[in-house]
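So the chains spell out like this:
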Amino acid sequence: MPLHLSGINKTFDGSPALKDIHLTLSKGRFTTLLGPSGCGKTTLLRIIAGLETPDEGDIHIGDVCLFSKKRRINRPVHQRNFGMVFQDFALWPHLTILENVAFGLKAQGDTTNWRNRSMEAIELVQLQGMEKRYPHQLSGGQQQRVALARAIVVRPQLVLFDEPMSALDALLREEMRVELMRLVRQIGFTAVYVTHDQTEAMSMSDEIVVMKSGHILQKDVPEVIYRKPTHAFTARFIGKTNWLEADKRLVRPEHVRWMPSTENDLAYSGVVQAVSYIGERYEVTVQLEDGHVWMAYHPTRLAIGDQVKLYISQDQIHQL
Ligand SMILES: Nc1ncnc2c1ncn2[C@@H]1O[C@H](COP(=O)(O)OP(=O)(O)O)[C@@H](O)[C@H]1O
Ligand SMILES: [Mg+2]
């Protein structure tokens, strides 16, 4: 069932957090809400969950109305039956892993199958053997798996994630990312995932919703968000930008060459301002004669102060 939000507004103490949000999320897809801190991601997720009440608007899942200001409908959290995974895991410290995972099933009144279903979820997140432990006896990554098992055990039609990786270190984050994508493929749930991390958003999502100051700027597949951003903000927020004209025409660093590929290429002269080694290549900052500062990649180390020429082909220029 697709999830439809229309005309969602939310104000906290007179300052708007969400402004006229219209959004449709397709079934079975992994959608990410991406934007800087304070742009309204968590508020929107909490509104979908039923943890926060919008000032205006409607929310439907398929034909079922979850919220309507006009019709005075507001289904409470437990009736929406969505799975939720938060940044701080929010596990119950006095309950074992099995009890933590089983909690939602027992709350639904499952007195016969809860153990089997919980064990199945624990196996899905590869924590079999840990079910008798308490949360403090697990690592951060394992605790996050428990939170995941707890969210999927009730087989919700929608799973909501609020920056679930931000408490994990970089290596573990990447591992969890792969794990989460495996689970999505295996169980096939619909996910709404909140993050301010562009890499995370780009690597996991079927679709990215870019947010800024309570607005949605763009919603599309990651490739289009990166290659054809509709706003200068999005271009800057996701990836690196070289501007031909400020906020109007840009080219990405990987499309800047050190030799012309055709005679139609545009050429720019400049001076190397900074060089940083990023593993398999060098990221070079070049101060152009026309005043712009560009970024490009070079296979060997250049010296600061080197005079260089940069080339771009016209079809790599993106016009906003
Ligand atoms: N419960 C609240 N009371 C007052 N202001 C809030 C509350 N929740 C969020 N806000 C404000 O709403 C805006 C959006 O917050 P939030 O949705 O948490 O952003 P994000 O998750 O993108 O960082 C921020 O300005 C924040 O301070
Ligand atoms: Mg947040």
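Small disclaimer: the values here were computed from a predicted structure and weren't measured.

## Structural notes on the overall build of the chain
Assigned secondary structure in the chain consists of 9 helices and 18 strands. If you line up the chain on its principal axes, its C-alpha atoms span 75 × 50 × 35 Å. Burial analysis of the chain (320 residues in total) assigns 48% to the buried set. Restricting to contacts in the chain with at least 6 residues of sequence separation, those with at least 24 account for 62%. Accessible surface, the chain as shown: approximately 15800 Å² in total, 49% of it carbon and sulfur. Counting 37 positive and 36 negative side-chain charges, the chain places the averaged centre of each group 5 Å from the other.

## Thoughts on the sheet that holds strand 6 (residues 73–74)
Pairing between the strands of a sheet comes from backbone hydrogen bonds, and it takes one of two forms, parallel or antiparallel. Spatially, 2-1-4-5-6 is the arrangement adopted by the 5 strands of the open sheet, whose pairing is antiparallel. Looking at which strands have only one partner, the edges of the open sheet turn out to be strand 2 (15–25) and strand 6. Bridging between strand 1 (residues 3–12) and strand 2 involves 7 bridges; their strand directions are antiparallel. Bridge assignment links F12 to a residue of strand 2, and that residue is S15. Lying over the sheet, helix 1 (residues 41–49) contacts strand 1, strand 2 and strand 4 (56–61), oriented at roughly 120° with respect to strand 1.

## Observations concerning the domain arrangement of the chain
By the assigned domains, the chain splits into domain 1 (3–227) and domain 2 (241–319). The C-alpha-based centres of domain 1 and domain 2 are spaced at 40 Å.

## Topic: helix 4 (residues 114–124)
Every buried residue of helix 4 is accounted for by W114, S118, A121, I122 and L124. Considered in projection along helix 4, the buried side chains sweep an arc of 160° and stay on one side of the axis. Residues of helix 4 that are buried in the fold lie against helix 3 (97–107), helix 5 (140–152) and helix 6 (170–187). Positioned one or two residues after helix 4, Q126 has a phi angle of 60°, which is positive.

## Points about the layout of surface pockets
Taken as a whole, the largest pocket encloses approximately 550 Å³ of empty space. If you trace the largest pocket, you find 17 residues lining it, with F82, M84, F103, G104 and R150 closest to the centre. Looking at the lining of the largest pocket, the elements with two or more residues in it are helix 2 (77–80), strand 7 (83–85), helix 3 and helix 5. Examining the composition of the lining of the largest pocket, we find that 3 residues originate from one element, helix 3, more than from any other.

## Section: the UniProt feature "domain: ABC transporter" (unreviewed entry) in the chain
In the UniProt entry, the feature "domain: ABC transporter" (unreviewed entry) is given for residues 3–238. For residues 3–238, the helix share is 36%, the strand share is 28%, and the end-to-end C-alpha distance is 26 Å.

## Regarding the packing of aromatic side chains
To describe a pair of aromatic rings, one takes the distance between the centres and the angle between the planes. According to the stated counting rule, one finds 8 aromatic pairs in the structure shown. Measuring from ring centre to ring centre gives 6.3 Å for F161 and F189, while their planes differ by 35°; the resulting arrangement is tilted. Of this pair, F161 sits in strand 8 (residues 158–162) while F189 sits in the loop between helix 6 and strand 9 (190–195), and the two are 28 residues apart along the sequence. F189 carries the same exposure label as F161, and that label is buried. Three or more aromatic residues joined by ring pairs form one cluster here, namely F30, F161, F189 and Y193.

## Structural notes on the pairing of strand 10 (residues 207–212)
The buried fraction of strand 10 amounts to 5 of the 6 residues, a majority that puts the element mostly inside the structure. Strand direction decides the pairing type here: strand 3 (residues 30–34) and strand 10, joined by 4 bridges, are parallel. Paired with T31 across the strands is E207, a residue of strand 10. Bridge analysis of strand 10 against strand 11 (residues 215–220) gives 5 bridges, and the strand direction is antiparallel. Bridge pairing links V210 to Q218 in strand 11. As consecutive antiparallel partners, strand 10 and strand 11 are separated by 2 residues, and within that stretch S213 has a phi angle of approximately 45°, a positive value.

## Examining empty space enclosed by the protein
Tallied over the full model, the rule gives 3 cavities of 30 Å³ or more. Volume-wise, the largest cavity comes out at about 50 Å³. For the lining of the largest cavity, the secondary-structure elements that each account for two or more residues are helix 1, strand 7 and strand 8. Residue composition of the lining of the largest cavity, grouped by class: 8 nonpolar, no polar and 2 charged. Approximately 40 Å³ is the volume found for the second largest cavity. Those elements that provide at least two residues to the lining of the second largest cavity are helix 5 and helix 6.

Each value, and the rule that gives it
- Residues numbered from 1 in each chain as written.
- Chains lettered and ligands numbered in written order.
- Predicted model: local features only at pLDDT ≥ 70, side-chain atom pairs only at ≥ 80, totals over all residues.
- Heavy atoms only, no water.
- Helix = DSSP H or I, 4+ residues; strand = E, 2+ residues; numbered from the N terminus.
- Buried < 20%, exposed > 50% of the residue type's maximum accessible area, 1.4 Å probe, protein only.
- Contact = heavy atoms within 4.5 Å.
- Areas by Shrake-Rupley, 256 points an atom, 1.4 Å probe, with all protein chains shown as cover.
- Lys, Arg positive; Asp, Glu negative; His and termini not counted.
- Charge placed at Lys NZ, Arg CZ, Asp CG, Glu CD.
- Pairing = 2+ DSSP bridges.
- Axes fitted to C-alpha atoms, helices over the stretch in contact; angles between N-to-C directions.
- Domains from an automatic or database assignment.
- Arc of directions from axis to C-beta.
- 1 Å grid on protein atoms, 1.4 Å probe; cavity = no way out; pocket = protein on both sides within 12 Å on 5 of 7 lines; lining within 4 Å.
- Points joined across faces, edges and corners; volume = space filled by probe spheres on them.
- UniProt positions renumbered as here; feature names shortened; annotations may be inferred.
- Phe/Tyr/Trp six-rings, centres within 6.5 Å; stacked < 30°, edge-to-face > 60°.
- Nonpolar A, V, L, I, M, F, W, Y, C, P; charged D, E, K, R; others polar.

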